[in-house]
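# Close look at the chain arrangement
This is what each chain is made of:
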Amino acid sequence: TLFRSRCASDTSGAWFMDPRTPAARTARSVCSSCPVRAWCLSAALLYGEEYGIWGGFDPEQRSALDFRLKSGETLRAVVVSALAAAEMREFDEAG
């Protein structure tokens, strides 16, 4: 089965706006239910994406994850724990 990202057909540019804007927050919420979220975040970390929201994480958030990678953690460990923490934050904010 081929999965398609939720942002693939979006033309708003919200993923590349200032992360503090309402549009960027909306983009993050789209990422939270995306079937390729982990792959997206992994690719952004592997390729050193400097701009935009990838897998629901903005550049500042990815910088902290990149530090963990450079400290020797595996990509899988960093991505799995980051997504789990993000899911808990989203859960806490919802209720």
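The structure reproduced in this document is the subject of the present report. (Residues numbered from 1 in each chain as written. Predicted model: local features only at pLDDT ≥ 70, side-chain atom pairs only at ≥ 80, totals over all residues. Heavy atoms only, no water.)

### Considering the overall build of the protein chain
Rule in force here: Numbering goes from the N terminus for both helices and strands, where a helix is a DSSP run of H or I of at least four residues and a strand is a run of E of at least two. For a compact globule the rule gives 2.2 Å times the number of residues to the power 0.38, and the radius of gyration it is set against comes from C-alpha atoms. Whether a residue is buried, partly exposed or exposed follows from its accessible area with a 1.4 Å probe, protein chains only, as a fraction of its type maximum: under 20%, in between, or over 50%, in that order. Should any heavy atoms of two residues lie within 4.5 Å, those residues are considered in contact. Residues scored as positive are Lys and Arg, those scored as negative are Asp and Glu, and His as well as the terminal groups of each chain are ignored. Every charge is mapped to an atom, namely NZ of Lys, CZ of Arg, CG of Asp or CD of Glu.
In terms of regular secondary structure, the protein chain is built from four helices and zero strands. Taken over C-alpha atoms, the radius of gyration comes to 13 Å for the protein chain, in line with the 12 Å a tight globule of 95 residues would show. By its C-alpha atoms, the protein chain is 35 × 35 × 30 Å across when sized along the principal axes. Counting over 95 residues, the protein chain shows a buried share of 27%. Taking as baseline every contact in the protein chain between residues at least 6 positions apart, the subset at least 24 positions apart corresponds to 51%. Between the averaged position of the 11 positive side-chain charges in the protein chain and that of its 12 negative side-chain charges there is a distance of 3 Å.

### Considerations on the nonpolar core
Selection rule: What makes a nonpolar core is a set of buried Ala, Val, Leu, Ile, Met, Phe, Trp, Tyr and Cys residues whose side-chain atoms join them at distances within 4.5 Å.
Grouped together as the largest cluster of nonpolar side chains are nine residues: Leu41, Leu45, Phe57, Leu65, Val78, Val79, Ala82, Leu83 and Ala86. Of all the elements, helix 4 (residues 75-94) adds the most residues to this core, at five residues. Among residues more than four places away in sequence, those in contact with Leu65 are Leu41, Leu45, Phe57, Val78 and Ala82. In terms of nonpolar packing, the next biggest core, distinct from the first, is built from six residues, Ala14, Ala24, Cys31 and Ile53 among them.

### What to know about the environment of Trp54
Condition: Two N or O atoms form a polar contact when they lie within 3.5 Å of each other; inside protein one atom must be a possible hydrogen donor and the other a possible acceptor, and for residues adjacent in sequence the pair counts only when both atoms belong to side chains.
Checked against the element boundaries, Trp54 lands in the loop between helix 2 (37-47) and helix 3 (59-70). Distance in space between the C-alpha atoms of Trp54 and Ser33 is 13 Å, their sequence separation being 21 residues. Look past the residues within four positions of Trp54 in its chain and what remains in contact with it is Phe16, Cys40, Leu41, Ala44, Glu49 and Arg62. Of note is the side chain of Trp54, whose polar atom sits 2.8 Å from the backbone oxygen of Tyr51.

### Examining the packing of aromatic side chains
Worth spelling out the cut-off: Pairing of aromatic side chains requires ring centres within 6.5 Å, counting the rings of Phe and Tyr and the six-membered ring of Trp. Pairs whose planes differ by under 30 degrees are stacked, by over 60 edge-to-face, and all others tilted.
Counted under the stated rule, the structure contains two aromatic pairs. A centroid spacing of 6.0 Å and a plane angle of 50° characterise the contact between Phe3 and Trp39, whose relative ring orientation is tilted. Taken together, the residues Phe3 in the segment before helix 1 (22-32) and Trp39 in helix 2 connect sequence positions 36 residues apart. In this structure Trp39 comes out as exposed when scored by relative accessible area, which is 55%. Centroid distance Phe16 to Trp54: 6.3 Å. Interplanar angle 80°. Geometry classified as edge-to-face. In this pair, Phe16 is assigned in the segment before helix 1 and Trp54 in the loop between helix 2 and helix 3, connecting sequence segments 38 residues apart. Since its relative accessible area comes to 23%, Trp54 is described here as partly exposed.

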